[in-house]
Each structure stands twice: as structure tokens, then as C-alpha cells.
Amino acid sequence: MVTATQAVRIALSFMNNMYWNYRVMGYVVRVNASHVSRYGGVYYVTVNVALSNPVLAGARRVVHRVEVDADSGQVVAFH
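This report concerns the structure included in the present document. Small disclaimer: the values here were computed from a predicted structure and weren't measured. (Residues numbered from 1 in each chain as written. Predicted model: local features only at pLDDT ≥ 70, side-chain atom pairs only at ≥ 80, totals over all residues. Heavy atoms only, no water.)

### Brief notes about the packing of aromatic side chains
Thought 1: Per the stated rule, a full pass over the model turns up four aromatic pairs.
Thought 2: Measuring from centroid to centroid gives 5.7 Å for Y39 and Y44, while their planes differ by 55°, and the two rings are tilted.
Thought 3: Overall, Y39 belongs to the exposed group, its relative accessible area being 58%.
Thought 4: Looking at Y44, the relative accessible area reads 21%, which means it is partly exposed.
Thought 5: Between R38 and the ring centre of Y43, over which it is positioned, the NZ or CZ distance is 5.2 Å. (Phe/Tyr/Trp six-rings, centres within 6.5 Å; stacked < 30°, edge-to-face > 60°. Buried < 20%, exposed > 50% of the residue type's maximum accessible area, 1.4 Å probe, protein only. Lys NZ or Arg CZ within 6 Å of the ring centre and 35° of its normal.)

Shown next as C-alpha cells:
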């Protein structure tokens, strides 16, 4: 059984891994969770991703919803 705190950690780790290529290209990647809720056996974690590149002076924000299974702790979907 996964707690809400563990679900947030799993979601943040997942999104850090998803944006690893941006780090390699020189972007600064910041992720944080703004909301978590549970419906049935799934935690829904809202993750904010901020991308910035000091060389290109560009910045971008992306919001994802990561779904974490409450029993196994596996990421089952993200949008």
C-alpha cells in the first residue's frame, strides 16, 4: 500500500527521469507537486515542470498529471 507522500515522491522521480534529456541539453529542470488526490485505487498527482536555459534565455512551464497505482506504487499513466 502506498501513502500519498510516497505517491508524490514516485511521481516527481518519474518526471525527473522523463525530462533527463533536457538536463543533458543544458536546461535547468525543476519539478514540484501542487496537488495530490486519490480516487479508488489511483493517486492523481499534479506535477509542475519549469524548464529554463540560461544560454538561450528561454523558459517554459509544463503541467502534467501523473497517475500512481495505490497498491503497487507503479506509474500507470501520465498526461
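Past the structure itself, the notes keep going.
### Some details on the side chain of N53
Thought 1: Secondary-structure assignment places N53 in strand β2 (residues 42–53).
Thought 2: The class of N53 is buried, set by a relative accessible area of 6%.
Thought 3: Among the polar contacts listed, one links the side chain of N53 to the backbone nitrogen of L56, at a separation of 3.2 Å.
Thought 4: The contacts of N53, once residues within four sequence positions are left out, are M25, G26, Y27 and G58. (Helix = DSSP H or I, 4+ residues; strand = E, 2+ residues; numbered from the N terminus. Polar contact = N/O pair within 3.5 Å; in protein donor to acceptor, adjacent residues only side chain to side chain. Contact = heavy atoms within 4.5 Å.)

### Let's talk about the sheet that holds β2
Thought 1: Pairing within the open sheet is antiparallel, and its four strands lie in the order β1-β2-β3-β4. Looking at the sheet topology across the chains shown, the edges are occupied by β1 (28–39) and β4 (75–78). With strand direction ignored, the average angle separating the axes of adjacent strands in the sheet is 25°.
Thought 2: Alignment of strand β3 (residues 58–69) against β4, held across three bridges, turns out to be antiparallel. Bridging across to β4, V66 finds its partner in F78.
Thought 3: Against the sheet, helix α1 (residues 4–18) touches β1, β2, β3 and β4, its axis set at about 40° to β2. (Pairing = 2+ DSSP bridges. Axes fitted to C-alpha atoms, helices over the stretch in contact; angles between N-to-C directions.)

Worth remembering: the numbers are spatial, not functional.
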